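# A look at the structure
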Amino acid sequence: MAVLFQGRKSDSLRSEFLLRLFPDMYQHISNFTLSYLLIAGIGYVWILTEVNYLYISWMVLVVVVLNFIYELCIPILNTPDIVDAYYGLVGSVMAYVFLIISKRFGLLNIQNSSLS
């Protein structure tokens, strides 16, 4: 995520492959990055503390809805731009998929493990 975000300012960190697919990607990458880091960070802590996964799903939905509201309806410190909202949506979905994979395959129940 840091490399994608830093690619906004540094040409050496930009991905030519991604630029061919999405020429204006670095104009919108901050929404993608912020949504991803917010959901993945909070969601991962919640998974580790065994918060019900339904709450994580609700958090993702709230972040997506607030992102669209902010991008379309609130012009404070922001130029309304639907493409930014779509990048935020993609970042949110990717973080959610990361959390699903982490919960399913990335955590080890120590109580039922042979490691204890």
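Refer to the structure above for everything that follows.
Report follows, based on the coordinates.

Definitions and limits used
Residues numbered from 1 in each chain as written. Predicted model: local features only at pLDDT ≥ 70, side-chain atom pairs only at ≥ 80, totals over all residues. Heavy atoms only, no water. Core = buried A, V, L, I, M, F, W, Y, C linked by side-chain atoms within 4.5 Å. Buried < 20%, exposed > 50% of the residue type's maximum accessible area, 1.4 Å probe, protein only. Helix = DSSP H or I, 4+ residues; strand = E, 2+ residues; numbered from the N terminus. Contact = heavy atoms within 4.5 Å. Expected span 1.5 Å × (residues − 1). Arc of directions from axis to C-beta.

## Thoughts on the nonpolar core
- Of all hydrophobic cores here, the largest spans 14 residues; its most connected members are Ile39, Ile47, Tyr53, Ile56, Met59, Ala95 and Leu99.
- For this core, the element with the highest residue contribution is helix α4 (residues 53-73), accounting for seven residues.
- If we ignore the near neighbours within four places in the chain, the residues touching Ile47 are Tyr53, Ile56, Leu99, Lys103 and Leu107.

## Examining α4
- End to end, α4 covers 30 Å across 21 residues, agreeing with the expected 30 Å (1.5 Å per residue, within 8%).
- Of all the positions in α4, only Tyr53, Ile56, Met59, Val60, Val63, Val64, Asn67, Phe68 and Glu71 are classed as buried. An end-on view of α4 places all buried positions within 160° of arc, on one side of the element. Exposed and oriented more than 90 degrees from the buried face of α4 are Tyr55, Trp58, Leu66 and Cys73.

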